[in-house]
Amino acid sequence: MNILVLTSVYPQDDDENNIGVTPVVQYFAKEWIKSGNNVIVIHNSNRYPKILYLLPDKIIKVINSKLGIVIPNKKQAKILYNEKDGIQSIRMPMIKFIPKTKYSERQVSKQIKEIVNFINKNNFKPDIIIGHWENPQIQIVAQLKKIFSAKTAIVFHSLVYITQNKYKNYFKKYIKEIDVIGARSNYIAKQVKEILEVEENPFICYSGINDKYFDLKTIDFSEKEKNSYLYVGRLISRKNVDVSIRALNTVYKDEKFKFKIVGNGAEEAKLLNIVKEFKIENKVELLGYKSRDEVINIMDEIETFIMISDNETFGLVYLEAMSRGCIVIASKNGGVDGIIKDGYNGFLCEQGNKDELINICKNIRNMTIQEKKKISENAIETAFKFKDSEVARKYIENIIKEEYK
């Protein structure tokens, strides 16, 4: 099959290490290629007015942190063609004047014309057209369907546009033209069905974990460092890393514990100040950016993974931590609420709730090694169901509505 994927976020060679680009679409595309399909990815990236790039980096980082967005650097405002792992991808930047607003009709029409020209130039007739994220994928996928007569799908990662009254009816009009709707979590799926008034329940589009991580050494929980914790992700306000530091400091007080924080972002200076304020420099480490393989090695040493973000869509890192036997503390009503069963294979905490997190960490601290091991084993068993190859196959099945191999 020929699969055309449109996405707002896709890893590129000129990305900065701390830009926070999720590779989820790339992972799916790799697996579809392995299964004998042809895949082209259109990266509909943002390009803001030149005046924005005159602002100091510090201010841009603050904007990114507070709004939960990624403002690309100047280099990323250019078209970029790439072919890697058999996937053809092309970045086609689109001008946007204000973050979290809809693209103009002129921009959308121009983008559709460029996409069609690129597809035709490559003699690629798509059988399936898939869009990830709301804007501009909903309207572009709906209009490409009329041009190519392909099966279409849209997958919601977060709800930014359809929840705004000024845009809701606009997107309702186009969503009716799309064959299949998916979402990155049960919580988002329920909201999409209600807001857009779609008839069928959206399918849940879970991420997968690289198959190779299940072939690594067997995890022995008793070998992990006692009272050790980990966070991996962007250091931005909605991730509530400051809450995790404050909670652990309250739980352990003068006791020994270790909290490793992997990632970069606008909140880094704030977090360092909190660590200094509590005088826990020997207990909390900010490690900066680490590669995925380095993160996996750290997970093998750590007992508990904490990420109680606001509005977390899915968070592949949760599953990666589970696959390495970590006890995971995740957000209620987030992307893995439903995958994680509280007290069975991990714990769920209200987003950003310090008091609730304190109680959960106290519970973990007071568990016997056998009780911790049991949760760890259940986590590994759960994660095994989310191998890349398996979730990619199920994804296509949900679109074509039949068994796919």
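These lines cover the structure that appears in this document, whether it is placed above or below.

What counts, and at which threshold
- Residues numbered from 1 in each chain as written.
- Predicted model: local features only at pLDDT ≥ 70, side-chain atom pairs only at ≥ 80, totals over all residues.
- Heavy atoms only, no water.
- Helix = DSSP H or I, 4+ residues; strand = E, 2+ residues; numbered from the N terminus.
- Rg over C-alpha atoms; globule rule 2.2 N^0.38 Å.
- Buried < 20%, exposed > 50% of the residue type's maximum accessible area, 1.4 Å probe, protein only.
- Pairing = 2+ DSSP bridges.
- Axes fitted to C-alpha atoms, helices over the stretch in contact; angles between N-to-C directions.
- Contact = heavy atoms within 4.5 Å.
- Right-handed = clockwise from strand over helix to strand, strands pointing away.
- Core = buried A, V, L, I, M, F, W, Y, C linked by side-chain atoms within 4.5 Å.
- Parallel < 35°, antiparallel > 145°, perpendicular 65-115°, else oblique.
- Left-handed = near helix turned anticlockwise from the far one by under 90°.
- Nonpolar A, V, L, I, M, F, W, Y, C, P; charged D, E, K, R; others polar.

**Quick look at the overall build of the protein**
Turning to step 1, where the next piece is worked out: On a plain count of helices and strands, the protein comes out with 13 helices and 16 strands.
Turning to step 2, where the next piece is worked out: In terms of C-alpha radius of gyration, the protein reaches 21 Å, essentially the compact-globule figure of 22 Å for 405 residues.
Turning to step 3, where the next piece is worked out: The dimensions of the protein, computed from C-alpha atoms along their principal axes, are 65 × 50 × 40 Å.
Turning to step 4, where the next piece is worked out: Looking at the 405 residues of the protein, the share that counts as buried comes to 55%.

**So, the sheet that holds strand E16 (residues 347–349)**
Turning to step 1, where the next piece is worked out: Across the sheet, six strands lie side by side as E13-E12-E11-E14-E15-E16; this open sheet has parallel pairing. Both outer strands of the open sheet, strand E13 (284–288) and E16, are each paired with one neighbouring strand and no more. Here the average twist between neighbouring strands, direction ignored, is 20°.
Turning to step 2, where the next piece is worked out: Across the sheet, helix H11 (residues 354–365) lies against strand E11 (225–232), strand E14 (302–307), strand E15 (327–331) and E16, angled at about 160° from E16, the strand it touches most.

**So, the pairing of strand E9 (residues 180–183)**
For a regular strand, the rule is simple: side chains alternate between the two faces of the sheet.
Turning to step 1, where the next piece is worked out: On E9, burial covers both faces: Val 180 and Gly 182 on one face and Ile 181 and Ala 183 on the other are all buried.
Turning to step 2, where the next piece is worked out: As judged from the four bridges shared by strand E8 (residues 151–156) and E9, these two strands associate in the parallel manner. Looking at the pairing, Ala 153 lines up with Val 180 of E9.
Turning to step 3, where the next piece is worked out: Note that the unit made of E8, helix H5 (residues 165–175) and E9 has a crossover that is right-handed.

**A few points about the nonpolar core**
If you look at soluble globular proteins, the nonpolar side chains tend to sit buried side by side.
Turning to step 1, where the next piece is worked out: Residues Trp 32, Ile 245, Phe 259, Phe 305, Ile 329 and Tyr 395 are the most contacted members of the largest nonpolar core, which totals 87 residues.
Turning to step 2, where the next piece is worked out: With seven residues, the single largest contributor to this core is helix H7 (residues 241–252).
Turning to step 3, where the next piece is worked out: If we ignore the near neighbours within four places in the chain, the residues touching Phe 259 are Tyr 229, Leu 230, Tyr 231, Ser 244, Ile 245, Leu 248, Lys 283, Val 284 and Glu 285.
Turning to step 4, where the next piece is worked out: If you look at the next biggest cluster of nonpolar residues, it comprises 42 residues, including Val 108, Leu 159, Ala 189 and Val 192.

**Description of the sheet that holds E8**
Turning to step 1, where the next piece is worked out: Strand order in this open sheet of eight strands is E4-E5-E2-E1-E7-E8-E9-E10, and the pairing throughout is mixed. Taken across any chain shown, the strands that pair with only one partner, and hence form the sheet edges, are strand E4 (80–84) and strand E10 (203–204).
Turning to step 2, where the next piece is worked out: In the packing of helix H1 (residues 24–34) onto the sheet, the strands contacted are strand E1 (2–7), strand E2 (38–43), strand E5 (87–91) and strand E7 (128–132), and the crossing angle to E2 comes to about 160°.
Turning to step 3, where the next piece is worked out: Its contacts with the sheet put helix H3 (residues 105–121) on E1, E2, E4 and E5, and the angle it makes with E2 is roughly 155°.

**Topic: the packing of helix H10 (residues 316–323) against helix H12 (residues 369–384)**
Turning to step 1, where the next piece is worked out: Close contact between H10 and H12 brings their axes to 7 Å; oriented N to C, the two are set at 125°. Between H10 and H12, the interaxial angle falls into the category oblique. The crossing of H10 and H12 is left-handed. For the pair H10 and H12, the contacting residues are Leu 319, Met 322 and Ser 323 in the first and Ala 379, Ile 380, Thr 382 and Ala 383 in the second.
Turning to step 2, where the next piece is worked out: Here the contact of H10 with H12 is built from residues that sort into five nonpolar, two polar and no charged.

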